[in-house]
Amino acid sequence: MAYILGTKKRSAMNSTDKIFLLLFGAGALFLCSALFQAVQDFSLGRLCSYLLRMDAEGNWHAGTLLQGLFMTLRLSLWCMVLAFISGFFVGIVSAHKKGLASLPGKLYVLVLRNMPPLILLFLVFFFASSILTERLTGLEYSLAKSPYKAWFYVLIAPEGQLDRMTACVLTLGLYEGAYIAEIVRAGIESVPHGQWEAGRAGGLSTWQIRRYIVIPQTLRQSLAPLAGQSISIIKDSAIASVISLQELTFQSMELMNVTGKTVELWILTALLYYCLCLCLEKISRKWEHSIRWKPLH
């Protein structure tokens, strides 16, 4: 921007920015000093051995933290599947509903959104899963004799962890689905009513209006909050550690108890969660830009 004679040059930083940078610098110095005092015998090689390790024959294997990361990915994936299915179903069904017709969707959202996920996990694991324990045990026993057991242990749940995996997927899937239902419902109701009338005037049925007119606009408007909810699923999956599901947080606690390394382990664990969520955020940003409305020329 050109400078005009007789006017003051605008500073690139105002006073609020300077105060923020000062506080940020002070916090960074405090954090670095605290880490330096806590970590005295830091060893990068030891931390790398928790991710990848070499056996006596020279073959590389996934370390404890990397195994926990794979378990977190698997758990988060199935939770996302259930959350999006339940959330989209409840959101689509409850949109534009009044009175008693909206009661089931409201009860689903109000009950689950106002309950701590940890309490909900205990309820599912200690009470609801007891109904499924016998069936799940029989299913796992029959799969142990089938040729597909290796794929089952890789894609669904590790051996002996099916009941815990089921409880976590049910808990987080339904819990996060309540938030997704509200995102979808708000997105559908934000579409102007005139577009519904235009679809009916064009001879489309209610399902066709939702399929070709309403839902595409809802996805464009709701993609950012849906991506944020997916990231929340990955972070909330850490509560599975309280029922001894061997995901990333549980493996970090086990290593901490064995090695006595606290700060280094949790910094590495935080970085793994950060990289996982950052990758999902980048993918959602790229998808959001690809489906953005383009102006007509």
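Preceding block: the structure.
Residues numbered from 1 in each chain as written. Predicted model: local features only at pLDDT ≥ 70, side-chain atom pairs only at ≥ 80, totals over all residues. Heavy atoms only, no water.

1. Quick word on the pattern of salt bridges
Enumeration over the complete set of coordinates arrives at four salt bridges. Note that Arg164 and Asp163 form a salt bridge whose closest N and O atoms lie 3.9 Å from each other. Glu182 serves as the salt-bridge partner of Arg185, at 3.1 Å between the closest nitrogen and oxygen. Highlighted residues: Arg185 and Glu182, both in helix H7 (residues 162-189), separated by three residues, approximately one helical turn. Judged by relative accessible area, Arg185 falls into the partly exposed class, the value being 23%. According to the relative accessible area criterion, Glu182 is partly exposed, its value standing at 22%. Each of Glu182, Arg185 and Glu189 takes part in one network of salt bridges that share partners. (Salt bridge = Lys/Arg side-chain N within 4 Å of Asp/Glu carboxyl O. Helix = DSSP H or I, 4+ residues; strand = E, 2+ residues; numbered from the N terminus. Buried < 20%, exposed > 50% of the residue type's maximum accessible area, 1.4 Å probe, protein only.)

2. A short note on the nonpolar core
In this structure, Leu65, Leu75, Met165, Cys168 and Leu245 are the most contacted members of the largest nonpolar core, which totals 49 residues. Within the residue set of this core, elements represented by two or more residues are helix H2 (44-51), helix H3 (64-94), helix H5 (117-144), helix H6 (149-155), H7, helix H9 (206-236), helix H10 (248-259) and helix H11 (263-290). Counting eight residues, the second largest nonpolar core, distinct from the first, contains Val90, Val109, Leu120 and Ala181. (Core = buried A, V, L, I, M, F, W, Y, C linked by side-chain atoms within 4.5 Å.)

3. Thoughts on the environment of Glu247
Counting through the fold element by element, Glu247 comes out in the loop between H9 and H10. When the C-alpha atoms of Glu247 and Leu65 are compared, they prove to be 8.4 Å apart, with 182 residues separating the residues in sequence. Non-local contacts of Glu247, meaning those with residues more than four positions away in its chain, are made with Gly68, Met71, Thr72, Ser237, Ala238, Ala240, Ser241 and Tyr273. Of the polar contacts made by the side chain of Glu247, one reaches the side chain of Tyr273; its length is 3.2 Å. (Contact = heavy atoms within 4.5 Å. Polar contact = N/O pair within 3.5 Å; in protein donor to acceptor, adjacent residues only side chain to side chain.)

4. Points about the environment of Asp236
Here Asp236 is to be found in helix H9. Each C-alpha atom, one on Asp236 and one on Ser76, is 8.9 Å from the other, the two residues being 160 residues apart in sequence. In this structure Asp236 touches Leu172, Tyr175 and Glu176, once residues within four positions along its chain are discounted.

5. Concerning the side chain of Ser237
Among the secondary structure elements, Ser237 is positioned in the loop between H9 and H10. A polar contact is formed between the side chain of Ser237 and the backbone oxygen of Ile234, at a distance of 2.5 Å. Not counting residues within four places of it along the chain, the set of residues in contact with Ser237 comprises Thr72, Leu75, Ser76, Leu172 and Glu247.

6. Section: a nonpolar patch on the surface
Where nonpolar side chains cluster on the molecular surface, the patch consists of Leu77, Trp78, Val81 and Ile85 and spans about 370 Å² of accessible area. Turning to its location among the elements, Ile85 is positioned in helix H3. (Patch = residues over 30% accessible without salt bridge, like charges linked within 9 Å, V, L, I, M, F, W, Y side chains within 5 Å. Areas by Shrake-Rupley, 256 points an atom, 1.4 Å probe, with all protein chains shown as cover.)

7. A look at H10
With twelve residues, H10 should reach 16 Å at 1.5 Å per residue; the first-to-last C-alpha distance of 16 Å fits that figure. Taken residue by residue, H10 has Leu248, Thr249, Phe250, Gln251, Ser252 and Leu255 as its buried positions. Sitting at the head of H10, Glu247 places a side-chain oxygen 3.1 Å from the backbone nitrogen of Thr249. Backbone geometry just after H10 places Gly260 at a positive phi near 80°. (Expected span 1.5 Å × (residues − 1).)

8. A closer look at the packing of aromatic side chains
One pass over the full model with this rule turns up four aromatic pairs. Summarising the aromatic geometry, the rings of Phe122 and Phe126 are spaced 5.8 Å apart at their centres and angled 40° between planes, so their arrangement reads as tilted. Of this pair, Phe122 and Phe126 both sit in helix H5, four residues apart, which is roughly one turn of that helix. Ring geometry for Tyr175 versus Tyr179: centroids 5.5 Å apart, planes at 65°, classification edge-to-face. Of this pair, Tyr175 and Tyr179 both sit in helix H7, four residues apart, which is roughly one turn of the helix. Tyr175 gets classed as buried once you look at its relative accessible area, which sits at 9%. An aromatic cluster of at least three residues, connected via ring pairs, comprises Phe122, Phe125 and Phe126. In this structure, Arg113 is placed above the aromatic ring of Tyr179, and the distance from its NZ or CZ to the ring centre is 5.5 Å. (Phe/Tyr/Trp six-rings, centres within 6.5 Å; stacked < 30°, edge-to-face > 60°. Lys NZ or Arg CZ within 6 Å of the ring centre and 35° of its normal.)

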